[in-house]
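Chain by chain, the residues run as shown.
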Amino acid sequence: MQTKVYDIKGVEKGFIELDDSVFNVEVSDGAIYYAINNELANRRVGTACTKTRAEVNYSNVKPFKQKGTGNARQGDKKSPVRVGGGTIFGPRPRDYSFVLPKKMKRCAIKSLLTASVKDNRLTVLEDFTVSGKTKEMQAIVDAFMKESKRTVVILKDDDALVRRAAGNIPYVRVLSYDKLSAKELLYARKILMMEGAAKNLSAFFGPKSEEAQ
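Residues numbered from 1 in each chain as written. Predicted model: local features only at pLDDT ≥ 70, side-chain atom pairs only at ≥ 80, totals over all residues. Heavy atoms only, no water.

Glancing now at the pairing of strand β2 (residues 12–17). Here strand β1 (residues 2–6) runs beside β2; their pairing, made up of 5 bridges, is antiparallel. Residue Tyr-6 lies in a different strand from β2, and its bridge partner there is Glu-12. Linking two consecutive strands that pair antiparallel, namely β1 and β2, is a turn of 5 residues; a positive phi of about 90° is found at Gly-10 within it. (Pairing = 2+ DSSP bridges. Helix = DSSP H or I, 4+ residues; strand = E, 2+ residues; numbered from the N terminus.)

This is the structure we're talking about:
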């Protein structure tokens with residue numbers, strides 16, 4: 001499948017052949033759902049904690065005598081039914097993360113890349129770098145997005161200058177080709193992918209890489 005290649009100013013420069021096994025596959029909504037669910041679950045800290053009646057720092061004294069008051073009997077002031085007492089079945093520290101099968105993760109990424117091509121949200125750019133200034137990265141984004149909407153830039157390798165230049169643009173996310181996020185790809189209104197990243201993705205997610213596994 002062929003698509004156009006542009007320079008950083010938005011001028012058409014030629015064509016590139018995209019690997020059909022990566023950019024033209026059957027979209028799996030299920031794989032996308034589980035991949036995003038996995039990413040969100042792995043980000044959860046899981047430190048919420050409440051104290052039971054055994055842990056709360058409060059009096060051990062009976063609030064009133066056992067008999068003769070007409071009230072239900074109470075053992076101590078730490079009872080969960082009293083103000084300042086413990087909590088019943090409250091949250092405890094836990095690990096929300098889980099491992100997603102590699103094949104499902106790869107299927108989700110390829111499905112999202114395919115969907116972005118079909119929706120005309122993906123644009124291939126010539127390989128570029130910047131000096132690290134925000135205005136340079138802003139000019140590149142503005143050449144393809146007239147409005148301030150969520151944009152993802154896919155690098156052919158980890159470029160610290162590009163990451164620094166995009167760091168002050170709140171709606172721009174920079175990802176390496178080998179560390180793509182399903183959540184970012186799904187919600188991106190525009191995906192700017194370097195030409196080198198497109199070639200690397202073909203090798204990274206293509207059939208040969210799956211055979212190696």
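The discussion continues.
So, about the packing of aromatic side chains. For the coordinates displayed, the defined rule picks out 4 aromatic pairs. Ring centres of Tyr-6 and Phe-144 lie 6.1 Å apart, and the angle between their planes is 80°; this geometry places the pair in the edge-to-face category. A residue pair is termed long-range when its members are at least 10 positions apart, and Tyr-6 in strand β1 and Phe-144 in the loop between α4 (134–142) and β4 (151–155) qualify at 138 residues. Residue classification places Tyr-6 among the partly exposed positions, given a relative accessible area of 22%. Classification of Phe-144 by relative accessible area gives buried; the value is 16%. Feature note: the residues Tyr-177, Phe-204 and Phe-205 constitute an aromatic cluster, connected by ring pairs. Over the ring of Tyr-96 we find Arg-44; its NZ or CZ atom is 3.6 Å from the centre of that ring. (Phe/Tyr/Trp six-rings, centres within 6.5 Å; stacked < 30°, edge-to-face > 60°. Buried < 20%, exposed > 50% of the residue type's maximum accessible area, 1.4 Å probe, protein only. Lys NZ or Arg CZ within 6 Å of the ring centre and 35° of its normal.)

Attention now moves to unusual backbone geometry. In this structure, Phe-89 is a non-glycine residue whose phi angle is positive, near 55°. Structurally, Phe-89 is set in the loop between α2 (29–43) and α3 (102–118). Owing to a relative accessible area of 83%, Phe-89 belongs among the exposed residues under this scheme. At Asn-120, a position not held by glycine, the phi torsion is positive, near 60°. Within the secondary structure, Asn-120 is located in the loop between α3 and β3 (122–125).

Treat this as a map of the structure, not an account of what it does.
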